[in-house]
Structure formats: structure tokens, C-alpha cells
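Report on the structure
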Amino acid sequence: MAEQKAVGRKRLDTAFAKSRLNPRFFSRPAAFPRRFNTLRATAGDTVDPACCLSPEISAGAREIRWFKGTDCVKVSPITVESGSKGRVAFDNVSLTLDDVKVTDSGQYRCEMLGEKKEALFIVHLHVSEFRLVSRSEDVGEPSFIAAYCVYCKSFPDFGPHVFCGHDVTLPCYLSPETSAVAMEISWFKGTDCIYLYLNGQVTVGRGYEGRVSMLTEDLQRGNVSLSLRDVHRSDYGEYWCEVTHGGQTMQNDGVHLKAFKLSSHPKRSFSDSVPQVRTVHAWAGDDVTLPSLLFPETSAVSMEIRWFKGTDCIYLYQNGQVTKGRGYEGRVSMFTDELEYGNVSLKLEDVQDSDGGEYRCEVACGKDKLENNFHLHVSELKLVYRSEDVGKTFESLLIRFENKQTVLPLHETLAFLGHDVTLPCYLSPETSAVAMEIRWFKGTDCIYLYLNGQVTEGRGYEGRVDMLTHQLQKGNVSLNLSDVQWSDDGEYRCEVTCGEKMVDASFYISVIELQAGRVRVETQEERKRRASDSSDHRPKEPEKPGRRWSYEMLPPEL
């Protein structure tokens, strides 16, 4: 027994030293720089190591040949399409292997014959008798292994979400169903081995003692899933399972263990590009919703939910009961019928000037506590995108998203290259903007400034931007942009300042071009070329004190 434990510890130490940075690769198209890849498949699968040529390579290509070792297994001619200005027609240049067998393992080479012979890329096909899948229903099902499936990922996005303090299972199954009792099974977090099953003995990595296990009685059915108890915040991340048997080693695609989050947008989680404190604009007398949603969608019915203004709790949901803070009776509520969808948003009715300030949502589940922070900006004025919306309440401008959440979308406009476009923007209620300060931004650059009756245009926009100043009396602060260029594509913002009050709205212009009756957009290559050719390095205007992004004008991520 002592000898077995020593062997197990030695194998664990060896496993600890293994790197899992590149666990699995599918072959890439030839346009990519990597020219040697490993493609893993299971007996019975269909494998397609695709051959995709870059324009530079395809221009001189006349024939594609596939080799296994030194044997040519497929020849595909390439012809030039008539009237296509050099475009080539590909007649099934990929190699498809149906019902692969272990004997199909080996090195495959794709060569292009034209003015000269060129080896495009090499694929090493490894066919195993079994593979690892993440769903029990996939056990025994053949797969289509395409060369372009996941070549751009090191770690998959697949994986469960879990609250701290809860238990979770990282799923993994042998396919076809095969007993794993006599196999070696290793589970890794990143590069660290946290669990090793070998010769019926188990060794657990440091920090996971008593928290990780496998259902050994299910090994007979090929279930090698790992159970993780009492999840810590440090447990979030990528996990890998490796199974070794008879000289063959297989790895799963990985499992990404993730934390639940509170998001202010449906189907959007926090990211570095989204501020931690969201600004919400409201107008005196209107109703406003501070949107807060569990991501991914999960029921909040059994959770404890608290809303704070500053340090004062103004709303408490606990065990199905609601308590409202002093001064907010009858004015705050939650969409309790939508708690099962993870909607913990707060609705504040009849907004007053004193309601402006910092708000915080706290959701407690087990040992976990999630937070979402807001800054409520109350103003007498707002900006709307349509003249017919002037004078309407904020709530009447909101839209329903999937009959659950409420958001006000950013205004997106399609603009034709070389034509003129207007970004519509109006003060509501109708108020004269003649004495106000009006700024229009493209990104962070101020491209138009109206101040004290004087107009200043940003560099590169001289003679191309203007407002209908005679319409300012009616609160029309729309911006006209002439002779639209590719560089005009992007996000715009209008800021209107009156005294200490400021309101803003966001817009997006998508530039398109009509060619022979077809719509065309600027390609990534053209965009990069234009950026590199541009010598316009105009200085950005310093951030204006008090400027805030209007969260309510951000678009939902669909």
C-alpha cells in the first residue's frame, strides 16, 4: 500500500509539471501562419481538415493535392472563374474522411501546385478509440471534426456558473461508453493537477483536500466528472480532464467555471470596457428603472435582495417579504413576477430632485454577495431622438426586451458613403437651446461646439458639420454631417449644458456603400490601411468636468 501511494505521489508530481496551455488544436486554414496542427478524433467520426487559401496563394494555384505520408490520396483542380477578375473557383479542395478508424492516424499534407510547388500546411490526425465529451447525451454520438472549429481558442467558453459556497460538478464522459476503472484520470486547474485517480487510489492537490471527488461507482459507465464542494472565489477558471489508457491519452475541451454576476444589460456581463458605476438619467416627475439582472439568467426568488441609496436601505426583499425604507413607501418596487428570470431591477416612481445620488443593489445567495452600483442623475430636461417624443415621460420611451427587461436603445443610423446624414436630437420638454452650450463628440473628440452663439468645428470636420441654428429656439439640437466618409463610422454623443445641468445622448453611424446595387461595408483590411495611412493625429479635448455617459442611451447587447 505504501509503495502504491509512493507511485501515485510520483505520478502526481509529474502531472503537476505538465503544461496545459495548448491542450488541443484543430488544423487552421492555410491563410493563417500556423502550418502544422494536430487534429484529434474518435473512431467513427467524420473529419474535415479544410484547405482555405489566402488571395495571395490562390492567385497562382492550379491544383491541390492531399498526401498521407508519401501516398497521394486526393487531387483537386482549381479553375479561374470567367469574368471574375482573377477569382478562383474551388472544386472541393478540402479532404473529408468519413467513419475514421484508428489506422487513419498519421500525417496529412496539403500541397498547392501552380507556378511552383508549395506545401500549405500539415495536419497530424490522431484517432482514438474513445473521446471525452461534456454531455452525457453525446456519449456514443459520432462527431464532425472540422478543421476550422476551434483553432482560435485556447480555452472554451463552455462551463457552469456557481455561487461561492455552493457545490458544482464539472461534467466529463467517455464516448463511446467505456469503463474507466482501470484508467488513469487526472483533473487540472490551469497547469496544476488537483485530482489524480490511479490504480484505484486517489491523490488530491493542495488546497482541494476534502473538496474534490469523483463518483467512483460511475467509473464503470465512463463517467469521469469531477465534483467540487464549497466553491471558493479562487476556484473560478479553466479545468481540464486527461484520461490515459493503453498508451493513449485523451483530453476534454475543458470546462470554464464561472461566477454569477449582476449586469445592467440583458445578456451582457461586466467587462473592463464597461464602467463599474452606471449613470442613469431621470427627469423630475418621471418614473425610472435601475436595471439589475443576474447573469446568466437564474431565479432570484429564494435570494435576499437589498437596494441602498447611499448607506440607507430603501428596499429589502427577503423570504418573499418586502420592506421599504422611510420616505420611499409607495415609490419603490421590484418586478417580483420576474424574479424567476433573475430580474432584480428597482423601479422608482415620481422622481424628485432629492432622489439624485448613488444607489447600490446587493444580492445574497449562500456565502456569495453580488453588487451593482448606479449614479442617478435627475434633470428637468432630457434628449430624445424623435420630435414626436418631445414632452413624453421617460417610461413611455422605454421598450420591452423579451418581455422581461427594460432598456432604452442607442440610436443607430445607416449613412451612405458620400451622402449627407442627420443625427436627430431634441430637448424635451420643448425648451430653447439658444443660450445653452452644445457639444457633439465622435468618440472622445469634440467635432462641433456651439457656445454663446459662436460655432467651432473640429479638425477634419470643417465645412461638413452644422446645426440648424434657427431651430435652436424649439430645442432642436440635431447635427448634420455632409459628405459621409468611411472614417465617420462609429459612436457619437451630444451634450447639452445649461448652468450646472447637463444631459447627453448617444448615437451610432454605420457607413455603407452601394456598388452595382449591392451594399458594401468597409473591410478590416481597408480600415487598418486607412488608419495607417492617416496622418491626422489631432489632440483630444480634455475631459470636461461633470461629463457623464448616459447609461440609458447605451444599446442592449443582442
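The text that follows walks through the structure, step by step, so that each part is easy to find. These figures come from a predicted structure and were not determined experimentally.

**Regarding the overall build of the chain**
A tally of regular secondary structure across the chain gives four helices and 45 strands. A total of 558 residues make up the chain; the buried ones form 48% of that total. A separation threshold of at least 6 residues defines the contact pool for the chain, and within that pool the share at least 24 residues apart is 66%. Carbon and sulfur atoms make up 49% of the accessible area of the chain, which amounts to about 27,600 Å² in all.

**Quick look at the sheet that holds strand E30 (residues 357-365)**
As a general point, the strands of a sheet are linked pairwise by backbone hydrogen bonds and lie either parallel or antiparallel. The strand order across the open sheet formed by six strands is E22-E31-E30-E25-E26-E27, and the pairing between neighbours is mixed. The sheet terminates laterally at strand E22 (277-283) and strand E27 (321-324), the two strands that pair on one side only. Each strand of the sheet is rotated relative to its neighbour by a mean of 20 degrees, with strand direction disregarded. Pairing geometry for E22 and strand E31 (residues 368-379), over seven bridges, is parallel.

**Observations regarding unusual backbone geometry**
The omega torsion of the bond from Ser175 to Pro176 falls at 0 degrees, within 30 degrees of zero and hence cis. By the element assignment, Pro176 lies in the loop between strand E12 (173-175) and strand E13 (184-189). In this structure, Pro429 follows Ser428 across a cis peptide bond, with omega equal to -5 degrees. When you line up the elements, Pro429 lands in the loop between strand E37 (426-428) and strand E38 (437-442). Unlike most non-glycine residues, Asn319 shows phi in positive territory, near 55 degrees. By the secondary structure assignment, Asn319 is in the loop between strand E26 (312-318) and E27.

**Quick notes on the pairing of strand E14 (residues 192-198)**
Burial within E14 is extensive, with six of its seven residues counted as buried. Linking two consecutive strands that pair antiparallel, namely E13 and E14, is a turn of two residues; a positive phi of about 65 degrees is found at Gly190 within it. Two successive antiparallel strands, E14 and strand E15 (residues 201-204), enclose a turn made up of two residues, where Asn199 displays a positive phi of approximately 55 degrees.

**Some remarks on the environment of Ser175**
With respect to the helices, strands and loops of the structure, Ser175 is situated in strand E12. The exposure class of Ser175 is buried, given its relative accessible area of 1%. Between the alpha carbons of Ser175 and Arg131 there is a distance of 5.3 Å; along the sequence they are 44 residues apart.

**A look at the nonpolar core**
The biggest cluster of nonpolar side chains holds 33 residues, and the ones touching the most others in it are Ile438, Trp440 and Val477. Among the elements of the structure, strand E36 (421-423), E38, strand E39 (445-451), strand E42 (479-481), strand E43 (490-498) and strand E44 (501-515) are those that each provide at least two residues to this core. For this core, the leading source of residues is E44, giving five residues.

**Side note on the pattern of salt bridges**
If charged atoms from side chains of opposite charge come close, those side chains can pair. Scanning the model with the defined rule gives 16 salt bridges in all. Its salt-bridge partner being Arg331, residue Asp355 comes within 2.9 Å of it at the nearest N-O pair. With Asp355 in the loop between strand E29 (346-348) and E30 and Arg331 in the loop between E27 and strand E28 (332-334), the pair connects residues that are 24 residues apart, well separated along the chain. By the burial criterion, Asp355 is buried, and Arg331 matches it. Salt bridges linked by common partners bring Arg135, Glu137 and Asp138 together as one network.

**Description of the packing of aromatic side chains**
Taken as a whole, this structure holds four aromatic pairs when the rule is applied. Summarising the aromatic geometry, the rings of Phe163 and Phe260 are spaced 4.4 Å apart at their centres and angled 15 degrees between planes, so their arrangement reads as stacked. Of this pair, Phe163 sits in the loop between strand E10 (161-162) and strand E11 (168-170) while Phe260 is found in the loop between strand E20 (255-259) and strand E21 (261-263), placing the two residues 97 residues apart along the sequence. Each member of the pair Phe163 and Phe260 is classed as buried. Between Tyr385 and Phe507 the ring centres are 5.1 Å apart and the planes differ by 75 degrees, which places this aromatic pair in the edge-to-face class. Highlighted residues: Tyr385 in the loop between strand E32 (382-384) and helix H3 (394-397) and Phe507 in strand E44, separated in sequence by 122 residues.

**Here we look at the pairing of E43**
Most of E43 sits out of view: seven of its nine residues are buried. Note: E38 against E43, six bridges, orientation antiparallel. Across the sheet, the residue bridging to Phe441 is Arg493, located in E43. Note: E43 against E44, nine bridges, orientation antiparallel. Across the sheet, residue Tyr492 finds its bridge partner in E44, namely Phe507. Taking the residues that link successive antiparallel strands as the turn, the E43-E44 hairpin has two residues, and the phi of Gly499 there is positive, at about 65 degrees.

**Comments concerning a nonpolar patch on the surface**
On the surface, Phe416, Leu514, Val519 and Val521 cluster together into a nonpolar patch covering about 370 Å² of accessible area. Judged by relative accessible area, Val521 falls into the partly exposed class, the value being 47%.

**A few points about the side chain of Asp45**
Relative to the helices and strands, Asp45 resides in the loop between strand E1 (36-42) and strand E2 (46-48). Judged by relative accessible area, which is 0%, Asp45 ranks as buried. Within the structure, Asp45 has its side chain in polar contact with the side chain of Arg131 (distance 3.4 Å).

**Structural notes on the environment of Glu380**
One can find Glu380 in the loop between E31 and E32. Counting along the chain gives 94 residues from Glu380 to Asp286, while the straight-line C-alpha distance between them is 9.9 Å. Non-local contacts of Glu380, meaning those with residues more than four positions away in its chain, are made with Trp283, Ser428 and Pro429.

**Structural notes on the sheet that holds E42**
With antiparallel pairing, the three strands of this open sheet are ordered in space as E36-E42-E41. Each end of this open sheet is capped by a strand with a single partner; those strands are E36 and strand E41 (465-466). Summarising the sheet, E41 and E42 pair through two bridges and their orientation is antiparallel. If you follow Asp466 over to E42, its bridge partner there is Asn480.

**Quick notes on the environment of Val322**
Checked against the element boundaries, Val322 lands in strand E27. Sequence spacing of Val322 and Met334 is 12 residues, and the spatial spacing of their C-alpha atoms is 9.4 Å. Residues in contact with Val322, not counting those within four places in the same chain, are Tyr315, Leu316 and Tyr317.

Rules used throughout
- Residues numbered from 1 in each chain as written.
- Predicted model: local features only at pLDDT ≥ 70, side-chain atom pairs only at ≥ 80, totals over all residues.
- Heavy atoms only, no water.
- Helix = DSSP H or I, 4+ residues; strand = E, 2+ residues; numbered from the N terminus.
- Buried < 20%, exposed > 50% of the residue type's maximum accessible area, 1.4 Å probe, protein only.
- Contact = heavy atoms within 4.5 Å.
- Areas by Shrake-Rupley, 256 points an atom, 1.4 Å probe, with all protein chains shown as cover.
- Pairing = 2+ DSSP bridges.
- Axes fitted to C-alpha atoms, helices over the stretch in contact; angles between N-to-C directions.
- Core = buried A, V, L, I, M, F, W, Y, C linked by side-chain atoms within 4.5 Å.
- Salt bridge = Lys/Arg side-chain N within 4 Å of Asp/Glu carboxyl O.
- Phe/Tyr/Trp six-rings, centres within 6.5 Å; stacked < 30°, edge-to-face > 60°.
- Patch = residues over 30% accessible without salt bridge, like charges linked within 9 Å, V, L, I, M, F, W, Y side chains within 5 Å.
- Polar contact = N/O pair within 3.5 Å; in protein donor to acceptor, adjacent residues only side chain to side chain.

That is the geometry; function is a separate question.
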